[in-house]
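# Architecture and fold: a report
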Amino acid sequence: MKLKYVVILILFIVLAGLLLAACGSGDDGESESESESESLDSNIVTIATGGASGPYNIIATTLADIYTNTYDVNSRTQTTGASAENLNLMAEEKVEMAFVMSDALSQALNGEESFSEPLEGISQIANLYPNVVQIVARADAGIETIEDLTGKRVAVGDQGSGVELNARALLEGHDISYDDLQADYLGYAEAADGLSSGRIDAAFLTSGLPNASLLELSETTDINLVTIDADNITEIAEEHPYFIDFEIPAGTYDNEEPVPTAAVPNALVVRSDFSEEDVYKLTKTFFESLDTLSNSHQAAEDISLEDAQEGLIAPLHPGAEKYFNEQ
């Protein structure tokens, strides 16, 4: 009788051991699956941005930190002269992702303006927030409208940047060429310094709202925002369809009234040779992190999943398309 109980006990111990082993195996499998889901095929994700004080760089720095923490990948930003330089860097496979303006993206894909030939290997993840053309002038310069820039000293953005490309297009749309003014190729911070010192009369600071350099400038220098008539923008958009009319809200820079101007949507682009699964994960994490990105810069508040596929310029990457199809 005692032998029978011993046998039963041994069988119980063996079965318990097998059950625990099976559970342990299942846990290991789950851990491996979770590990795979939280990693990328690529080891690095460099995001090309723009000037250090601009929304591109501020938002992208937060995004790079999120990617690093989520996927244990070397993700960082690269400060650049913005859109045109970013697109060239991507075509040269020196960066993986970039924030760019839609006008520069269109010109790059078609080999127009500062792009001598069409760039290849660039896909789009999403349409982002509008980049607002903010033309600011010293209050004592007598500049109220874009037509008043004739004969003035004007910063038009870094040479070849998205700011400079849309500044040139808007000026030409008003029959103004660089020969009609004193053009100076300055980025955000340099343009603000030039306005503060009186070295220039006006500047194009095209970015999301608000622009940090312009906010800081408005605290120390008497300035006014220069208007662009909406009807003129409609005409210009016939040749440059990425332009839309826009109003800078009252109070953005202590302006009492809304200021009519133009805007160009921003785009988030990625190298076409990035794997579908990697871009799917990067896209998913980007949209799931919008609250955090908005806390880093309020321009990101205008990014939405609903508008992400509106007005795409470059081909949508299959990984981004996979994410959107799931929504």
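Residues numbered from 1 in each chain as written. Predicted model: local features only at pLDDT ≥ 70, side-chain atom pairs only at ≥ 80, totals over all residues. Heavy atoms only, no water.

### Here's the deal with the environment of Ile47
One can find Ile47 in strand S1 (residues 44-48). Expressed as a C-alpha distance, the spacing of Ile47 and Ser75, which sit 28 residues apart in the sequence, is 7.5 Å. Residue contacts for Ile47: discarding those within four places in its chain leaves Ala60, Leu63, Ala64, Tyr67, Ser75, Arg76, Thr77, Gln78, Met97, Ala98 and Phe99. (Helix = DSSP H or I, 4+ residues; strand = E, 2+ residues; numbered from the N terminus. Contact = heavy atoms within 4.5 Å.)

### Topic: unusual backbone geometry
The general pattern is negative phi for most residues beyond glycine and trans for most peptide bonds. The peptide bond linking Leu209 to Pro210 adopts the cis configuration, its omega dihedral lying at -10 degrees. For Pro210, the location among the structural elements is in the loop between strand S8 (202-204) and helix H7 (212-218). Not every positive phi belongs to a glycine, and Asp72 is a case in point at roughly 50 degrees. Tracing the sequence through the fold places Asp72 in the loop between helix H2 (55-71) and strand S2 (74-78). Located in the positive-phi region is Glu93, a residue other than glycine, with phi close to 60 degrees.

### Here's the deal with the nonpolar core
One broad rule of soluble globular proteins: the nonpolar side chains tend to lie buried together. Formed by 83 residues in total, the largest nonpolar core has its most connected members in Tyr67, Leu149, Phe204, Phe243 and Phe286. Looking at this core element by element, the count peaks at 8 residues for H2. Ignoring sequence-local partners within four residues, the contact set of Tyr67 consists of Val45, Ile47, Asp72, Val73, Ser75, Met97, Leu282, Thr285 and Phe286. One finds Leu87, Met90, Ala108 and Ala267 within the second-largest nonpolar core, a separate group that totals 18 residues. (Core = buried A, V, L, I, M, F, W, Y, C linked by side-chain atoms within 4.5 Å. Buried < 20%, exposed > 50% of the residue type's maximum accessible area, 1.4 Å probe, protein only.)

### A closer look at the sheet that holds S8
Read across the open sheet, the 5 strands follow the order S7-S6-S8-S5-S9; overall the sheet is mixed. Every interior strand has two partners, whereas the edge strands, strand S7 (182-184) and strand S9 (223-225), have only one. Strand after strand, the sheet turns through a mean of 25 degrees between neighbouring axes, direction not considered. Summarising the sheet, strand S5 (residues 135-138) and S9 pair through 3 bridges and their orientation is antiparallel. Directly across from Arg138, in S9, lies its bridge partner Ile223. (Pairing = 2+ DSSP bridges. Axes fitted to C-alpha atoms, helices over the stretch in contact; angles between N-to-C directions.)

### Structural notes on helix H11 (residues 318-326)
When we look at burial in H11, the residues that qualify are Gly319, Ala320, Tyr323 and Phe324. In an axial view of H11, the angular spread of the buried residues amounts to 135 degrees, which keeps them on one side of the axis. The secondary structure elements touched by the buried residues of H11 are strand S4 (122-132) and helix H9 (276-288). (Arc of directions from axis to C-beta.)

### Side note on the pattern of salt bridges
Side-chain pairing between opposite charges can occur once the charged atoms of the two side chains come close. Per the counting criterion, the structure on display carries 9 salt bridges. For Glu96, the salt bridge is made with Arg271, and the minimal N-O distance between the two is 3.3 Å. Linking Glu96 in the loop between helix H3 (83-91) and strand S3 (97-101) with Arg271 in strand S11 (residues 259-271), this pair joins segments that are 175 residues apart in sequence. A relative accessible area of 7% places Glu96 in the buried class. On the accessibility criterion, Arg271 (12% relative accessible area) is buried. We note a salt bridge from Lys284 to Glu288, for which the minimum N-O separation is 2.7 Å. (Salt bridge = Lys/Arg side-chain N within 4 Å of Asp/Glu carboxyl O.)

### Some thoughts on the confidence of the model for the protein chain
Residues at a pLDDT of 70 or more form 89% of the protein chain, whose mean pLDDT is 89. Segment residues 6-11: pLDDT under 50, and 0 contacts once partners within four positions in sequence are set aside and those in other chains are kept. Across residues 18-37, where pLDDT falls below 50, the model places 3 contacts with residues more than four positions away in sequence or in other chains. (pLDDT = per-residue confidence, 0-100.)

### Looking at the packing of aromatic side chains
Across all of its chains, the model carries 9 aromatic pairs by this definition. Centroid distance Tyr56 to Phe99: 5.7 Å. Interplanar angle 40 degrees. Geometry classified as tilted. Residue Tyr56 is located in helix H2, and its partner Phe99 is located in strand S3; the two are separated by 43 residues in the primary sequence. Centre to centre, the rings of Tyr242 and Phe243 are 5.2 Å apart; their planes meet at 55 degrees, and the pair counts as tilted. Since its relative accessible area comes to 9%, Tyr242 is described here as buried. Aromatic rings pair up to connect Tyr280, Phe286, Phe287, Tyr323 and Phe324 into one cluster. Cation over ring: Lys322 sits above Tyr280, and NZ or CZ is 4.6 Å from the ring centre. (Phe/Tyr/Trp six-rings, centres within 6.5 Å; stacked < 30°, edge-to-face > 60°. Lys NZ or Arg CZ within 6 Å of the ring centre and 35° of its normal.)

### Here's the deal with the packing of helix H4 (residues 102-110) against helix H5 (residues 162-173)
Closest axis-to-axis distance for the H4/H5 pair is 8 Å, and the angle between their directions is 90 degrees. It follows that H4 is roughly perpendicular to H5 by the angle criterion. Within the contact between the two elements, H4 uses Asp103, Ala104 and Gln107 and H5 uses Gly162, Leu165 and Asn166. (Parallel < 35°, antiparallel > 145°, perpendicular 65-115°, else oblique.)

### Some details on the pairing of S5
Every other side chain in a regular strand lies on the same face of the sheet, so the side chains alternate between the two faces. Taking every second residue as pointing to the same face, both faces of S5 are buried, with Ile135 and Ala137 on one and Val136 and Arg138 on the other. Summarising the sheet, S5 and S8 pair through 3 bridges and their orientation is antiparallel. Opposite Ile135, over in S8, you have Phe204 as the bridge partner.

### Comments concerning H5
Along its 12 residues, H5 runs 16 Å from first to last C-alpha, staying within 8% of the 16 Å computed at 1.5 Å per residue. Extensive coverage of H5 is indicated by the burial of 9 of its 12 residues. Among the residues of H5, Gly162, Val163, Glu164, Leu165, Asn166, Ala167, Ala169, Leu170 and Leu171 are the ones counted as buried. Looking one or two residues beyond H5, the residue adopting positive phi is Asp175, at roughly 60 degrees. (Expected span 1.5 Å × (residues − 1).)

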